[in-house]
Amino acid sequence: MKSHTEYLTFNIPARMGFLNITPTVGEIVRQSGISEGLLLCNAMHITASVFINDDESGLHQDYQKWLEQLAPFDASPTRYHHNRTGEDNADAHLKRQVMGREVVIAVTKGKLDFGPWEQIFYGEFDGRRPKRVLVKIIGE
Amino acid sequence: MKSHTEYLTFNIPARMGFLNITPTVGEIVRQSGISEGLLLCNAMHITASVFINDDESGLHQDYQKWLEQLAPFDASPTRYHHNRTGEDNADAHLKRQVMGREVVIAVTKGKLDFGPWEQIFYGEFDGRRPKRVLVKIIGE
Amino acid sequence: MKSHTEYLTFNIPARMGFLNITPTVGEIVRQSGISEGLLLCNAMHITASVFINDDESGLHQDYQKWLEQLAPFDASPTRYHHNRTGEDNADAHLKRQVMGREVVIAVTKGKLDFGPWEQIFYGEFDGRRPKRVLVKIIGE
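Cut-off values and rules
Residues numbered from 1 in each chain as written. Chains lettered and ligands numbered in written order. Predicted model: local features only at pLDDT ≥ 70, side-chain atom pairs only at ≥ 80, totals over all residues. Heavy atoms only, no water. Helix = DSSP H or I, 4+ residues; strand = E, 2+ residues; numbered from the N terminus. Buried < 20%, exposed > 50% of the residue type's maximum accessible area, 1.4 Å probe, protein only. Contact = heavy atoms within 4.5 Å. Areas by Shrake-Rupley, 256 points an atom, 1.4 Å probe, with all protein chains shown as cover. Lys, Arg positive; Asp, Glu negative; His and termini not counted. Charge placed at Lys NZ, Arg CZ, Asp CG, Glu CD. Buried area = accessible area lost by both parts, 1.4 Å probe. Polar contact = N/O pair within 3.5 Å; in protein donor to acceptor, adjacent residues only side chain to side chain. Axes fitted to C-alpha atoms, helices over the stretch in contact; angles between N-to-C directions. Parallel < 35°, antiparallel > 145°, perpendicular 65-115°, else oblique. Left-handed = near helix turned anticlockwise from the far one by under 90°. Nonpolar A, V, L, I, M, F, W, Y, C, P; charged D, E, K, R; others polar. 1 Å grid on protein atoms, 1.4 Å probe; cavity = no way out; pocket = protein on both sides within 12 Å on 5 of 7 lines; lining within 4 Å. Points joined across faces, edges and corners; volume = space filled by probe spheres on them. Salt bridge = Lys/Arg side-chain N within 4 Å of Asp/Glu carboxyl O. Least-squares fit on C-alpha atoms with pLDDT ≥ 70 in both. Pairing = 2+ DSSP bridges. Arc of directions from axis to C-beta. pLDDT = per-residue confidence, 0-100.

Colleague: I keep staring at the overall build of chain A and nothing clicks. Help me out?
Modeller: Secondary structure assignment for chain A yields three helices and eight strands. Its helices and strands taken in sequence order, chain A reads β-β-α-β-β-α-α-β-β-β-β from the N to the C terminus. The principal-axis extent of the C-alpha atoms belonging to chain A is close to 50 × 30 × 20 Å. A total of 140 residues make up chain A; the buried ones form 64% of that total. Sequence-distant contacts in chain A: of pairs separated by 6 or more residues, those separated by 24 or more amount to 81%. Counting every atom, chain A has about 5000 Å² of accessible surface; 51% of that belongs to carbon and sulfur. Computed over 16 positive and 18 negative side-chain charges, the separation of the two mean positions in chain A equals 5 Å.

Below, the structure written as structure tokens:
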């Protein structure tokens, strides 16, 4: 069994934003030399997400609006208990649960084994600072 | 290390619906000959889901009603930016994030290592066409 | 390839509650002797969750209030079809889909490969009875 681990760093300039990291993850698969296995890609921060969906900017606007309705940003200590600790990002912890922390992807014949529209995104809900993403592949 | 990969195709006759795929996935485990490992089962389409919950028709009605409240179907270009591209399925992309893309399941002693009520479902949010699901097992 | 499987049992005294299980899972990694691999940790019950987020009690109150808004407890047979079967926990099945069934964690150099604030929680939405969690590690 082989394993290969990489750490990526992203700095999204806005509070919320999505970045297509598929080419970067695909290149890590190639460098790993693993042809059959499983790949884990997860946010290492708890106000960020890694998810798989469509690379369509209108859809990304829809995600932002929808997440803001489900869990509105509110820095005041009134709505969220977490924001009584001096933090202002309780909403980001909630948004990340909807979008998920991680994806697990099949590696087959040396490539990400994806359907036609699957793309991997880093999802940020409390940005404007560097955060890390882990990629780990095990297989042969 | 062994690996085993299969692709399944489902065609749900309605826009939204859930299909119990546990027997099919269990049979793939048996055919793989893998006794200890991890199994990934994921939708390969971005408006569909694979999730684990109860095989109870009332609950499935509850999921449908609840998801429709959280992310209503609306083909018009007014509510969702994504539907300005000619698509009508923005809601399906949102619903799938709530239900999840994939499940990872332990394989122990040659079987799906499940609690008493765990069943695997294919969840469709934009059906009436064939879509694929990937099953990959790695282990020994 | 090595594999290591453990079953944990938790009994949360309230209907809803979160328990930090990171030390227990970390000890299982140590005992497994696996230094590079992937770890699966999942609820074996369909009204419970395993998720990764912050160990901050205010945030946990926020999660509880938010989940109660998204999927309110209602034992009556009026709101939820599932509760016409004699059950009263339809809301718990919905809450668990938001928080997720499982996490997959990288094991690197014999440890959980975590960012600075990542902690693993058992999330209960229909407690007051013992329920099981599975931990499985594969690797070398």
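What follows picks up the thread again.
Colleague: Looking at this model, I keep getting lost on the interface of chain A and chain C. Mind explaining?
Modeller: When the parts of a complex come together, some accessible area is lost, and that lost area is often used as the size of the interface. Opposite the 30 residues of chain A that make contact, chain C presents 35 residues. Summing the contributions of chain A and of chain C, the shared interface buries around 2600 Å²; its carbon and sulfur component is 58%. Taken as a group, Met1, Ile46 and Gln97 of chain A account for 24% of the area that chain A buries against chain C, more than any other trio of residues on that side. Linking chain A with chain C are 18 residue pairs in polar contact (both at pLDDT 80 or more). Those elements giving two or more residues to the side of chain A that touches chain C turn out to be β1 (2-10), β3 (37-43), α3 (90-99), β5 (102-108) and β8 (131-139) of chain A. Of all the elements, α3 of chain A adds the most residues to the side of chain A that touches chain C, at six residues.

Colleague: What's the story with the packing of helix α2 (residues 57-70) of chain C against helix α3 (residues 90-99) of chain C in this structure? I'm lost.
Modeller: A pair of packed helices can be characterised by two numbers: the angle between their axes and the separation between those axes. Residue and element names in this part refer to chain C. Closest axis-to-axis distance for the α2/α3 pair is 10 Å, and the angle between their directions is 120°. Relative to α3, the element α2 lies oblique. Between α2 and α3 lies a crossing of right-handed hand. Judged by residue contacts, Tyr63, Trp66, Leu67, Glu68 and Leu70 of α2 engage Lys95, Val98 and Met99 from α3. Classifying every residue of the contact of α2 with α3 by side-chain character gives six nonpolar, no polar and two charged.

Colleague: So what exactly am I meant to see when it comes to empty space enclosed by the protein here?
Modeller: A probe matching the size of a water molecule, rolled over the atoms, marks out where space remains unfilled. As enumerated under the stated definition, the model contains one cavity of 30 Å³ or more in all. Counted as a void, the largest cavity has a volume near 610 Å³. Its residues assigned to classes, the lining of the largest cavity comprises 24 nonpolar, six polar and nine charged.

Colleague: Would you mind showing me how to read the interface of chain B and chain A here?
Modeller: Contacts between the two partners involve 30 residues from chain B and, on the opposite side, 35 residues from chain A. Carbon and sulfur atoms supply 59% of the area that chain B and chain A bury against each other, a total of about 2600 Å² over both sides. Area buried by chain B at its contact with chain A is led by Met1, Ile46 and Gln97 of chain B, which between them contribute 24% of it. Remark: the boundary between chain B and chain A carries two salt bridges. Close ionic contact of Arg101 of chain B with Glu118 of chain A constitutes a salt bridge, the shortest N to O distance being 2.8 Å.

Colleague: Is there a simple way to think about the relation of the copies chain A and chain C in this case?
Modeller: The transformation that overlays chain A on chain C combines an axial shift of 0.0 Å with a rotation of 120°, and the residual RMSD is 0.0 Å. In short, the pair behaves as if placed about a three-fold rotation axis.

Colleague: Would you mind showing me how to read the sheet that holds strand β2 (residues 17-20) of chain A here?
Modeller: Hydrogen bonding along the main chain pairs the strands of a sheet, whether they run parallel or antiparallel. All names here are of chain A. Taken in spatial order, the three strands of this open sheet run β2-β7-β4, and their pairing is antiparallel. Of all strands in the sheet, those with a lone pairing partner are β2 and β4 (48-53), marking the two edges. When the angles between neighbouring strand axes are averaged without regard to direction, this sheet yields 30°. The pairing of β4 with strand β7 (residues 119-124) spans six bridges and is antiparallel. Along β7, the bridge assignment pairs Ile52 with Ile120.

Colleague: Explain helix α1 (residues 22-32) of chain A here, please?
Modeller: Note: α-helices contain 3.6 residues per turn, so residues at a spacing of three or four share the same orientation. Residue and element names in this part refer to chain A. Looking only at α1, the buried set comprises Thr22, Val25, Ile28, Val29 and Ser32. Around the axis of α1, the buried residues are gathered within 125° of arc, so they sit on the same side. Of the residues in α1, the exposed ones pointing more than 90 degrees away from the buried face are Pro23 and Arg30. Backbone geometry just downstream of α1 places Gly33 in the positive-phi region, at approximately 70°.

Colleague: What exactly am I supposed to notice about the confidence of the model for chain A here?
Modeller: Caution is warranted with low-pLDDT regions, since their predicted coordinates should not be read in detail. Mean pLDDT for chain A: 98, with 100% of residues reaching 70 or above. Quick note on the complex model: pTM equals 0.98, ipTM equals 0.98.

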